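# Results of the structural survey
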Amino acid sequence: MAITCIRCGKVMQRSYQTDSKFICPYCGCGFYSYSREGVIVSIKAEQLRGSSRFKAYKELIHEMDKLGQSTEV
């Protein structure tokens, strides 16, 4: 999978899994990206202001991932 910048679309990283904050070296856009087993969620840094909001987004993404894993056949 390729993690791409949500503003300019440039490839940032290629990996199977990620759970990180990124700053694009091409356009300077900051964002959080989570990917695992074909699912990629990316959120602009502006939407993550404050540690409580970031924590809530991260918990929601991880719970969605768990839900998806529990329904796999």
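Parameters and conventions
Residues numbered from 1 in each chain as written. Predicted model: local features only at pLDDT ≥ 70, side-chain atom pairs only at ≥ 80, totals over all residues. Heavy atoms only, no water. Helix = DSSP H or I, 4+ residues; strand = E, 2+ residues; numbered from the N terminus. Buried < 20%, exposed > 50% of the residue type's maximum accessible area, 1.4 Å probe, protein only. Contact = heavy atoms within 4.5 Å. Pairing = 2+ DSSP bridges. Axes fitted to C-alpha atoms, helices over the stretch in contact; angles between N-to-C directions. pLDDT = per-residue confidence, 0-100. Polar contact = N/O pair within 3.5 Å; in protein donor to acceptor, adjacent residues only side chain to side chain.

## Here's the deal with the overall build of the chain
A count of helices and strands for the chain gives 1 helix and 5 strands. Walking the chain from its N terminus toward its C terminus, one meets helices and strands in the order β-β-β-β-β-α. Buried positions account for 25% of the 73 residues belonging to the chain. Excluding contacts between residues fewer than 6 apart, the proportion of contacts in the chain whose partners are at least 24 apart in sequence is 28%.

## Details of the side chain of Ser35
Position of Ser35 among the secondary structure elements: in strand E4 (residues 30-36). Not counting residues within four places of it along the chain, the set of residues in contact with Ser35 comprises Met1, Ile3, Tyr16, Gln17, Thr18 and Ile40.

## So, the sheet that holds strand E3 (residues 18-23)
Taken in spatial order, the 3 strands of this open sheet run E3-E4-E5, and their pairing is antiparallel. Strands at the two margins of the open sheet, each flanked by one partner only, are E3 and strand E5 (39-44). Neighbour-to-neighbour, the strand axes of the sheet open up by a mean angle of 15°, direction not taken into account.

## Considering the confidence of the model for the chain
Here the chain averages 79 in pLDDT, and 88% of its residues register 70 or above. Here helix H1 (residues 51-70) stands out as the element of the chain with the lowest mean pLDDT, 75, in contrast to E3, whose mean of 85 is the highest.

## Structural notes on the environment of Asp19
One can find Asp19 in strand E3. Relative accessible area serves as the criterion here: at 31%, Asp19 is assigned to the partly exposed category. Each C-alpha atom of the pair Asp19 and Tyr32 lies 7.6 Å from the other, and the pair is 13 residues apart in sequence. Here the side chain of Asp19 touches Tyr32 through a polar contact of 2.5 Å, side chain to side chain.

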